[in-house]
Amino acid sequence: MMRGKRLISLLLILTLCLGMATTAHATEIDDTKKKAEELEKKKKDAENEKASLSKQLKSVVSQMEEIKKKIEKKETEIGEKEEELIQAKVDEDDQYESMKKRIRYMYENGNTQFIEILCESKSIGDFLNKAEYISTISTYDRNMLVEFQKIVKNVEEQEAALQAENDELQAMQDEMIEKQDSVTELLLTKEDEINQLASELGDTKNKLSELEKAAAEALRKKKEQQLAQQQASNHSGSAGSSVISGNGMFTHPCPGYTYISSGFGYREQPIAGASTNHKGIDYAAPTGTPIYAAAAGTVVSAGYSGNAGNMIVINHGNGLTTYYMHCHEIYVSAGQTVSKGQNIAIVGTTGNSTGPHLHFQVNENGTPVNPEKYY
């Protein structure tokens, strides 16, 4: 008796220590989750900034392309004006040379040539016409020279204006190149920041995963200690008291489970020979975790059944039956009436099993359905 009390006391101390460890894990997990959330936010903000910079860079490149096209067009126009200016200067020079030749001719032949031409006139009218013709030639030369000089000056002014526009476009292009370099540098810096945040976030998530695994392991050990404590109180090999949880038609058959290792429906084949169409829910739990009758009914089968291992089948009437597979120990027998929440067995890993768990299955008129609809 004294030894039993000491065992229970020891189990209580271990449970308390595990509880404290679980609390510490929970605190560290919360802190790590917060850090991960902060890193996620920073990474998202950095990615948004990177997207904005990329958009800005795209806009700068587009503007540079437009400026480049304008510069090319302006350079073409300047080239055309240069050709036009050369031609205008040629025309000016030709006119000047022609005028010089005529002046030289008149000078070399002296004024007598003009007098002879005028004296050969047959009439006063002819005389006046010839005199007007000589004057017209001189005026024409002067006017044409002035006109060509104006053309040259006008073309030079147009070329200078085009060159000024071209210089302005070149300056804009240089400014855009500087802006492109600046944005590109910012973009590279932002990429480095994102990579660093991603690395830090990955490390934090790995740490969080390890903490969660450690917490799950601590919880598993705590439940094992609680189970061991319960078994020590109830004596090994005997059923515990009834437990009813929730407000559904069914109470949970294994409220002390650690996690769901396989849900209802399609799944990857866990081991050779196992079905990919899972007909129930697998509740992973330490060996010895209590299993309870989901609802009142009659035990129609209780014993070893091949792949199912130690299995219990309970008929609840109206075509509704429940199955409890892979039990370590069974506390009921066929033909026995059980109540809702009655402790009928404990978790084990008998039959075709990858580890200690309860396979809980619900059949409606012989067809498996998802058990969660009854909780």
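Residues numbered from 1 in each chain as written. Predicted model: local features only at pLDDT ≥ 70, side-chain atom pairs only at ≥ 80, totals over all residues. Heavy atoms only, no water.

1. Considering the overall build of the protein chain
Inference 1: Regarding its fold elements, the protein chain presents two helices and 12 strands.
Inference 2: Each helix and strand of the protein chain, ordered N terminal to C terminal, gives the series α-α-β-β-β-β-β-β-β-β-β-β-β-β.
Inference 3: The proportion of buried residues among the 375 residues of the protein chain is 33%.
Inference 4: Total accessible area computed for the protein chain in this model is approximately 22,700 Å², and 52% of it derives from carbon and sulfur atoms. (Helix = DSSP H or I, 4+ residues; strand = E, 2+ residues; numbered from the N terminus. Buried < 20%, exposed > 50% of the residue type's maximum accessible area, 1.4 Å probe, protein only. Areas by Shrake-Rupley, 256 points an atom, 1.4 Å probe, with all protein chains shown as cover.)

2. Notes on the pattern of salt bridges
Inference 1: All chains considered together, the criterion is met by 12 salt bridges.
Inference 2: With a closest N to O distance of 3.7 Å, Lys50 and Glu191 form a salt bridge. Taken together, the residues Lys50 in helix α1 (residues 2–119) and Glu191 in helix α2 (residues 124–234) connect sequence positions 141 residues apart.
Inference 3: What makes Glu191 partly exposed here is its relative accessible area of 28%.
Inference 4: Two residues, Glu165 and Lys74, come together in a salt bridge whose shortest N-O distance is 2.6 Å. In this pair, Glu165 is assigned in helix α2 and Lys74 in helix α1, connecting sequence segments 91 residues apart.
Inference 5: Residue classification places Lys74 among the buried positions, given a relative accessible area of 14%.
Inference 6: In this structure, a network of salt bridges that share partners links the residues Glu49, Lys190 and Glu193. (Salt bridge = Lys/Arg side-chain N within 4 Å of Asp/Glu carboxyl O.)

3. A look at the nonpolar core
Inference 1: With 25 residues, the main nonpolar core has Phe250, Ile291, Ile312, Ile314, Tyr324, Ile344 and Phe360 as its most contacted residues.
Inference 2: Listing elements by their share of this core, those giving two or more residues are β4 (281–284), β7 (310–315), β8 (320–330), β10 (343–347) and β11 (357–364). (Core = buried A, V, L, I, M, F, W, Y, C linked by side-chain atoms within 4.5 Å.)

4. So, unusual backbone geometry
Inference 1: For Asn318, which is not glycine, the phi dihedral falls at a positive 60 degrees.
Inference 2: With respect to the helices, strands and loops of the structure, Asn318 is situated in the loop between β7 and β8.
Inference 3: Phi at His326 takes a positive value of approximately 65 degrees, unusual for a residue other than glycine.

5. Overview of the packing of aromatic side chains
Inference 1: By the definition in use, this model includes four aromatic pairs.
Inference 2: Here Phe250 and Phe360 contribute two aromatic rings whose centre-to-centre distance is 6.5 Å and whose plane-to-plane angle is 70 degrees, an arrangement assigned as edge-to-face. Taken together, the residues span a long stretch of sequence, with Phe250 in the loop between α2 and β1 (259–262) and Phe360 in strand β11 at a distance of 110 residues.
Inference 3: Residue Phe360 is classed as buried on the basis of its relative accessible area, which comes to 0%.
Inference 4: Note on Tyr324 and Phe360: the rings are 5.3 Å apart at their centroids and 50 degrees apart in plane angle, and the pair reads as tilted. Note that Tyr324 is positioned in strand β8 and Phe360 in strand β11, a separation of 36 residues in sequence. (Phe/Tyr/Trp six-rings, centres within 6.5 Å; stacked < 30°, edge-to-face > 60°.)

6. A short note on the state of the cysteines
Disulfides are covalent bonds that connect the sulfur atoms of two cysteines.
Inference 1: With the rule as written, the count across this model stands at zero disulfides.
Inference 2: As a non-bridged cysteine, Cys254 has Cys327 as the owner of its nearest cysteine sulfur, 9.7 Å distant.
Inference 3: For Cys254, a relative accessible area of 0% puts it in the buried group.
Inference 4: Since its relative accessible area comes to 0%, Cys327 is described here as buried. (Disulfide = S-S within 2.5 Å.)

7. Focus: the confidence of the model for the protein chain
Inference 1: Averaged over every residue, the pLDDT of the protein chain is 83; residues scoring 70 or more account for 76%.
Inference 2: A low-confidence stretch, residues 231–236 (pLDDT under 50), is modelled with eight contacts involving residues beyond four sequence positions or located in other chains. (pLDDT = per-residue confidence, 0-100. Contact = heavy atoms within 4.5 Å.)

8. A word on a negative patch on the surface
Inference 1: Taken together, the side chains of Asp174, Glu175, Glu178, Asp181 and Glu185 present a region of like negative charge at the surface.
Inference 2: One can find Glu178 in helix α2.
Inference 3: Residue class for Glu178 comes out exposed when judged on its relative accessible area of 58%. (Patch = residues over 30% accessible without salt bridge, like charges linked within 9 Å, V, L, I, M, F, W, Y side chains within 5 Å. Lys, Arg positive; Asp, Glu negative; His and termini not counted. Charge placed at Lys NZ, Arg CZ, Asp CG, Glu CD.)

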